[in-house]
Amino acid sequence: MIYERKDFQELFKSAVGRELRESVPLSRFSNFKIGGNADYFFSASSLKELMAAVYLSEKEYVSYRIIGGGYNVLFDDDGFRGLVIKNDVQGIKKLKDFKVEALSGTGLNDMIDFCKEGGLGGAAFLAGIPGTVGGAVYGNAGAFGRSIGDILDEAEVLELNGKRTDVIKLKKNQMGFQYRKSLLKEKPFILLKAVFKLAPESAEVIKKDIEKNIKERKKKHPPWSVACAGSYFKNPVSDTGEKIAAGYLLDRVGARSLKKGGAAVYKGHANFLINTGNATSKDIRDLAEELKQRVKKRFGITLEEEVVFIPAGG
Ligand SMILES: Cc1cc2nc3c(=O)[nH]c(=O)nc-3n(C[C@H](O)[C@H](O)[C@H](O)COP(=O)(O)OP(=O)(O)OC[C@H]3O[C@@H](n4cnc5c(N)ncnc54)[C@H](O)[C@@H]3O)c2cc1C
């Protein structure tokens with residue numbers, strides 16, 4: 001760490017206007033319930049605070065990482081040497097032409113409810129996916145063959161260039177959306193706001209769609225009490241563009257009976273790795289590695305992680 005804790009704490013207070021928390025267990029902020037302590041932790045509740053915290057970290061060469069709901073991340077057992085910024089910047093409003101603008105820390109399911117109440121259809125396929133709008137756009141989250149990028153109209157992002165930061169607007173076709181991928185994964189961009197283009201629909205029809213989708217999800221997803229981060233691996237795509245279910249490949253290599261320490265494969269779906277109570281980050285990654293090797297050996301396919309591992313060194 002470049003700074004003594006007291007120095008950075010003071011700089012932070014004068015730049016952001018609020019205090020940092022120190023030595024915070026990251027296990028509380030990941031649905032895997034795994035992770036050592038972050039040197040610094042801050043929960044930003046306005047865009048001004050979020051941007052000031054990022055700007056200060058850039059300026060002072062303090063490593064930092066933005067998280068949303070923590071539903072797709074795996075923290076390190078050694079925590080994080082720097083600042084973890086939890087994005088709690090929430091708010092949604094209706095725009096004209098059936099558009100909705102959401103701040104990036106808004107819960108995805110809050111946005112779906114807002115759309116339902118406002119008679120705006122087209123987002124129900126996302127119902128039940130936990131996390132924030134920021135996390136969903138980052139990983140182009142989706143279900144039932146559709147992804148959030150399909151309905152995004154425009155994104156407002158913070159672009160980081162060393163000591164400079166710029167706020168820029170990007171249209172959907174500039175966002176590099178592909179299956180579970182967006183430009184936010186490639187570039188040092190932080191999503192601030194997103195505008196989604198929807199279509200008029202009755203609240204009753206949207207409600208039925210949401211209920212149907214959630215019922216469908218319950219058939220394969222673990223209950224909320226299970227500590228996991230959703231599908232661990234992406235579905236590999238063949239040369240002809242066809243997706244192969246990672247769960248199918250994993251089943252063929254006997255995944256469901258595998259365990260490493262406190263990490264196990266969920267009995268109900270081979271692509272969910274779970275923390276059975278006392279798993280370390282290493283247990284999860286060792287188990288994932290074993291699964292990757294088995295699939296590679298049997299099918300010649302290299303599985304790619306969908307879950308984002310955040311190493312202690314940033
Ligand atoms: C039970 C369960 C079911 C799930 N089902 C699905 C599913 O059906 N489909 C699906 O796609 N996913 C699914 N997921 C995974 C997860 O819900 C999504 O990936 C979700 O979008 C993560 O959002 P989050 O806010 O929790 O992101 P986090 O986990 O907090 O962060 C994920 C990544 O996004 C980055 N990030 C977060 N906010 C921003 C921002 N504002 N700007 C830039 N980068 C940012 C973080 O740095 C991190 O790299 C599931 C997870 C669970 C636990």
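To be clear, the structure that these remarks concern was listed above.
Residues numbered from 1 in each chain as written. Predicted model: local features only at pLDDT ≥ 70, side-chain atom pairs only at ≥ 80, totals over all residues. Heavy atoms only, no water.

A.B. asks: Could you give an account of the pattern of salt bridges, naming the residues involved and the relevant values?
C.D. replies: A side chain of one charge can pair with a side chain of the opposite charge if their charged atoms are brought near each other. What the rule picks out here adds up to 21 salt bridges. Glu154 is paired through a salt bridge with Lys171; the nearest N and O atoms lie 3.6 Å apart. With Glu154 in strand E11 (residues 152-161) and Lys171 in strand E12 (residues 164-171), the pair connects residues that are 17 residues apart, well separated along the chain. Salt bridges linked by common partners bring Lys99, Asp153, Glu154 and Lys171 together as one network. (Salt bridge = Lys/Arg side-chain N within 4 Å of Asp/Glu carboxyl O. Helix = DSSP H or I, 4+ residues; strand = E, 2+ residues; numbered from the N terminus.)

A.B. asks: So what about the sheet that holds strand E16 (residues 259-260)? Which residues, and what values?
C.D. replies: Across the sheet, four strands lie side by side as E15-E18-E17-E16; this open sheet has antiparallel pairing. Two strands bound the open sheet, and with one partner strand each, they are strand E15 (227-228) and E16. Examined bridge by bridge, E15 and strand E18 (residues 273-275) share two bridges and lie antiparallel to one another. Bridge pairing in E18 links Ala227 to Asn275. (Pairing = 2+ DSSP bridges.)

A.B. asks: Provide a residue-level description of the nonpolar core, including the pertinent values.
C.D. replies: Counting 34 residues, the largest nonpolar core has Val133, Val137 and Phe196 as the members making the most contacts within it. Setting aside its immediate chain neighbours within four residues, Val133 contacts Ala102, Leu103, Ser104, Thr106, Leu108, Met111, Leu191, Ala194 and Phe196. Residues Ile34, Ala229, Ala279 and Val295 belong to the second largest nonpolar core, which totals 24 residues. (Core = buried A, V, L, I, M, F, W, Y, C linked by side-chain atoms within 4.5 Å. Buried < 20%, exposed > 50% of the residue type's maximum accessible area, 1.4 Å probe, protein only. Contact = heavy atoms within 4.5 Å.)

A.B. asks: Which residues make up the site of the ligand, and what are the values?
C.D. replies: Ile66, Gly68, Pro130, Thr132 and Gly142 are the nearest of the 34 residues found near the ligand. At a separation of 2.7 Å, a nitrogen atom of the ligand approaches a polar backbone atom of Gly142. Between the ligand and Arg217, the relevant distance is 2.9 Å, taken from an oxygen atom to a side-chain nitrogen or oxygen of the residue. Taking 990 Å² as the accessible area of the ligand by itself, protein coverage stands at 96%. Mapped by element, the contributors of at least two residues to the shell around the ligand are strand E3 (64-67), helix H4 (133-138) and strand E13 (189-197). Looking at the shell around the ligand element by element, the count peaks at four residues for H4. Broken down by class, the residue content of the shell around the ligand amounts to 16 nonpolar, 14 polar and four charged. (Near = heavy atom within 4 Å. Polar contact = N/O pair within 3.5 Å; in protein donor to acceptor, adjacent residues only side chain to side chain. Areas by Shrake-Rupley, 256 points an atom, 1.4 Å probe, with all protein chains shown as cover. Nonpolar A, V, L, I, M, F, W, Y, C, P; charged D, E, K, R; others polar.)

A.B. asks: Could you give me a rundown of helix H8 (residues 281-299), with the residues and numbers involved?
C.D. replies: Given a rise of 1.5 Å per residue, 19 residues ought to cover 27 Å, and the 27 Å separating the end C-alpha atoms of H8 matches this to within 8%. Buried within H8 we find Ser281, Asp283, Ile284, Leu287, Ala288, Leu291, Lys292 and Val295. Looking at the buried residues of H8, the elements they touch are strand E4 (73-75), helix H7 (246-252), E16, strand E17 (263-265), E18 and strand E19 (308-310). After H8 finishes, the residue Gly300 shows a positive phi value of roughly 70°. (Expected span 1.5 Å × (residues − 1).)

A.B. asks: Tell me about the environment of Val253, and please be specific about residues and values.
C.D. replies: Of note, Val253 is situated in the loop between H7 and E16. Here Val253 falls in the buried class, since its relative accessible area comes to 9%.

It is worth stressing that arrangement in space is one thing and function is another; only the former is reported here.
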